[in-house]
Amino acid sequence: MAPSTIIQKRPQDSPYQLDPDQTLKASRALLQHVQAETKRLQDASSKRNLLDTDASDSEADASTGAEAPIWLTLTTKQHIVDKTRLKPSKISVPHSLNTSPDLRICLITADPQRAVKNVVADPAFPANLKSRITKIIGFTKLKNRYKTFETRRQLLAEHDIFLADDRIITRLPATLGKIFYKGSAKRPIPVTIAQSQRTKKETKQKATNGEGAAAPAEPAVLAKEIDKAVDAVPVSLRPGTLVAVRVGLASFRPDQLAENVAAVVQNLIEKHVVKGWKNVRGIHIKGQSSTAVPIWLADDLWTESDDIATAQAIEEGDAENEAEQGQKRKRSSRTTKGPQAGTRKRTKMDESDDKQTERKSTEARKSKLAAQKAKIFGEDV
């Protein structure tokens, strides 16, 4: 079954929600396609390297295929945000994408870093999580040690996940550069490190005394925050009508992928999409090189008919003002007697005809779109 043939049929009683059955069907088809394509590429690679005695490359390829990400793309009718948000948000999902015990975590903290190192080294800090944190570095040392492109690329290659103190997360793009922020796979994820019980009066007093940043949280609290950040999926928003989020891996079961998709879609629409479901144009899932599988499509390509009417009124008002100004300039240089006397009346009649033509054109487009959607949804999938 081709993954691009699955389109979700929305329930009549609740048009703005995902159908679990259809989402599961789309997840199953996409995973089958991705796994089959991965196996085909691995077989082709092994045939080319029959004389190669080193099997490390094939093992790496197999690992890469199993850990290939599955993306969810959500498109909207209007822009999601007006400017790039340097601080990404986090969405908790039922099935984590980072469960490997060999996961390498780099923790970037506010100065001083020694306080955070002492908390992680505390016996109360979980040992399994402590073994996964391979580097803890303060913001000042990060700027001093990783100034060149090569050192930043080496830092990126040495770790799987980067966690950053939420107090300095917005200052990292200028420090780490485009090698970290060109893609979204290893962008630093914000995590709360400082104690949350401090009052504003204590904060101002400590800043006045020059004692530095707030003390880190207790070992158990900090470990819980790190676990929550590792198990969540980050969402980076930028100006535009598209947002892409990693929701699974090629090794996931269809039900696991479907549950993650449902959790991410609900959180995205409730917290980040203005006007909610009415502003959603389409929801798809795809692999790294596969065709996008649509699981939800909007009936209309606009949010509200009133918005269109308002925009048309503004455009028509501007056109009318320009026409009136042109007529005034003509009347200042010529007399209004004779055939020119009825020019303005004819202009208004023409504008009325244009409105009727535009209205008929809009109704024709809507009816054509509805017929196409009915034809697609009527097909057996």
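Since this is a predicted model, take the numbers as computed values, not measurements.

## Digging into the overall build of the protein
Next up, step 1: On a plain count of helices and strands, the protein comes out with 13 helices and ten strands.
Next up, step 2: Residues counted as buried form 36% of the 381 residues belonging to the protein.
Next up, step 3: Across the protein, the fraction of contacts at a sequence separation of at least 24, relative to all contacts at a separation of at least 6, is 77%.
Next up, step 4: Accessible surface for the protein amounts to roughly 22500 Å². Of this, 51% is attributable to carbon and sulfur atoms.

## Digging into the packing of aromatic side chains
Next up, step 1: Summed over all chains, the structure comprises two aromatic pairs.
Next up, step 2: Where Phe162 meets Phe180, the ring centres are 5.0 Å apart and the plane angle is 80°; that geometry is what we call edge-to-face. Here Phe162, found in strand E5 (residues 161–165), pairs with Phe180, found in helix H8 (residues 178–181); they are 18 residues apart in sequence, far enough to count as distant. When sorted by exposure, Phe162 lands in the same class as Phe180, which is buried.

## Points about helix H11 (residues 254–271)
Next up, step 1: The end-to-end C-alpha separation of H11 is 26 Å, in line with the 26 Å expected for 18 residues at 1.5 Å each.
Next up, step 2: Residues Gln256, Leu257, Ala258, Asn260, Val261, Val264, Val265, Asn267, Leu268 and Ile269 constitute the buried set of H11.

## Quick notes on the sheet that holds strand E1 (residues 69–76)
Next up, step 1: Taken together, four strands build an open sheet; the order of strands is E8-E1-E9-E10 and the sheet is antiparallel. Both edges of this open sheet fall to strand E8 (242–249) and strand E10 (293–297), since each of them pairs with a single strand only. Each strand axis lies, on average, 20° off the axis of its neighbour in the sheet, ignoring direction.
Next up, step 2: Pairing of strand E9 (residues 280–286) with E10 involves four bridges; the strand directions are antiparallel. If you follow His284 over to E10, its bridge partner there is Pro294.

## With respect to the side chain of Arg132
Next up, step 1: With respect to the helices and strands, the residue Arg132 is situated in helix H4 (residues 127–132).
Next up, step 2: Among buried Asp, Glu, Lys and Arg side chains, Arg132 stands out as unpaired, with Asp227 the closest opposite charge at 4.9 Å.
Next up, step 3: At a separation of 3.2 Å, a polar atom in the side chain of Arg132 contacts the main-chain carbonyl oxygen of Ser100.
Next up, step 4: Every residue in contact with Arg132, bar those within four places of it in the chain, is listed here: Asn98, Thr99, Ser100, Pro101, Leu103, Arg104, Ile105 and Val230.

## A look at the pattern of salt bridges
Next up, step 1: Inspection of every chain in the model, using the stated rule, returns five salt bridges.
Next up, step 2: Asp160 serves as the salt-bridge partner of Arg104, at 3.1 Å between the closest nitrogen and oxygen. Of this pair, Arg104 sits in the loop between strand E2 (89–91) and strand E3 (105–109) while Asp160 sits in the loop between helix H6 (149–158) and E5, and the two are 56 residues apart along the sequence.
Next up, step 3: In this structure, Arg253 and Asp255 form a salt bridge, with 3.2 Å as the shortest nitrogen-oxygen distance.
Next up, step 4: Since its relative accessible area comes to 45%, Arg253 is described here as partly exposed.

## Overview of the confidence of the model for the protein
Next up, step 1: Taken as a whole, the protein shows an average pLDDT of 77; of its residues, 70% reach a score of 70 or greater.
Next up, step 2: Taken as a whole, residues 206–212 scores under 50 in pLDDT and shows four contacts with residues more than four places along the chain or in a different chain.

## Re the sheet that holds strand E6 (residues 189–191)
Next up, step 1: Taken in spatial order, the four strands make up an open sheet running E4-E3-E5-E6, and their pairing is parallel. The open sheet is flanked by strand E4 (133–138) and E6, the only strands paired with a single partner. The mean angle between the axes of side-by-side strands here comes to 25°, regardless of whether they run parallel or antiparallel.
Next up, step 2: Where helix H3 (residues 113–121) meets the sheet, its contacts fall on E3 and E4, and the angle it forms with E4 comes to roughly 155°.
Next up, step 3: On top of the sheet, helix H10 (residues 219–231) reaches E3, E4, E5 and E6; it is set at about 160° to E6, its chief contact.

## Focus: the nonpolar core
Considering soluble globular proteins, one finds that nonpolar side chains tend to be buried as a cluster.
Next up, step 1: With 38 residues, the main nonpolar core has Leu72, Leu74, Val261, Val264, Leu268 and Ile283 as its most contacted residues.
Next up, step 2: Elements with a minimum of two residues in this core: helix H1 (20–48), E1, strand E7 (233–235), E8, H11, E9 and E10.
Next up, step 3: Once residues within four sequence positions are removed from consideration, Leu72 is found in contact with Val243, Ala244, Val245, Val247, Val261, Val264, Val265, Leu268, Ile283, His284 and Ile285.
Next up, step 4: Core analysis: the next-biggest nonpolar cluster, separate from the first, contains 20 residues, Phe125, Ile161, Ile226 and Ala229 among them.

## Section: the environment of Phe125
Next up, step 1: Tracing the sequence through the fold places Phe125 in the loop between H3 and H4.
Next up, step 2: Residue classification places Phe125 among the buried residues on the basis of a relative accessible area of 2%.
Next up, step 3: Taking the C-alpha atoms as reference points, Phe125 and Ala220, 95 residues apart in sequence, are found 6.0 Å from one another.
Next up, step 4: Those residues in contact with Phe125 that sit more than four places away from it in its chain are Val119, Val120, Lys130, Ile133, Pro219, Leu222, Ala223 and Ile226.

The rules behind each value
Residues numbered from 1 in each chain as written. Predicted model: local features only at pLDDT ≥ 70, side-chain atom pairs only at ≥ 80, totals over all residues. Heavy atoms only, no water. Helix = DSSP H or I, 4+ residues; strand = E, 2+ residues; numbered from the N terminus. Buried < 20%, exposed > 50% of the residue type's maximum accessible area, 1.4 Å probe, protein only. Contact = heavy atoms within 4.5 Å. Areas by Shrake-Rupley, 256 points an atom, 1.4 Å probe, with all protein chains shown as cover. Phe/Tyr/Trp six-rings, centres within 6.5 Å; stacked < 30°, edge-to-face > 60°. Expected span 1.5 Å × (residues − 1). Pairing = 2+ DSSP bridges. Axes fitted to C-alpha atoms, helices over the stretch in contact; angles between N-to-C directions. Lys, Arg positive; Asp, Glu negative; His and termini not counted. Salt bridge = Lys/Arg side-chain N within 4 Å of Asp/Glu carboxyl O. Polar contact = N/O pair within 3.5 Å; in protein donor to acceptor, adjacent residues only side chain to side chain. pLDDT = per-residue confidence, 0-100. Core = buried A, V, L, I, M, F, W, Y, C linked by side-chain atoms within 4.5 Å.

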